[in-house]
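So you can see what is in the structure, the chains are spelled out below.
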Amino acid sequence: MELYFYEDCEYCQAVFETIAKLKISDEFTFKDIRVNPDYAKELVDLTGNETVPCLVNEHGPMKEANDIRKYLVSHFD
């Protein structure tokens, strides 16, 4: 899975907290859109904007921190 984010986004931090609690960081490729402009372009190509957090799994992109957190808990807890 890929997680598009940037460090000072409070919603991204909420997703990171869930990932840490579930101890599943090895399940992800983390893509900081502010550190690597190519990641920002990928995200725009994929979703039409640079809104983060964005989780990409086998079903496609998922936005909204609460939805991402619920998905992670339901699949990894």
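In case you missed it, the structure is sitting above this.
Residues numbered from 1 in each chain as written. Predicted model: local features only at pLDDT ≥ 70, side-chain atom pairs only at ≥ 80, totals over all residues. Heavy atoms only, no water.

Of the strand pairs in this sheet, strand S1 (residues 2-5) and strand S2 (residues 29-32) are connected by 4 bridges, and their pairing is parallel. By the bridge assignment for S2, Glu-2 is matched with Thr-29. Crossover handedness for the path S1 to helix H1 (residues 10-22) to S2: right-handed. The pairing of S1 with strand S3 (residues 54-57) spans 3 bridges and is classified as antiparallel. What sits directly across from Glu-2, in S3, is Val-56. (Pairing = 2+ DSSP bridges. Helix = DSSP H or I, 4+ residues; strand = E, 2+ residues; numbered from the N terminus. Right-handed = clockwise from strand over helix to strand, strands pointing away.)

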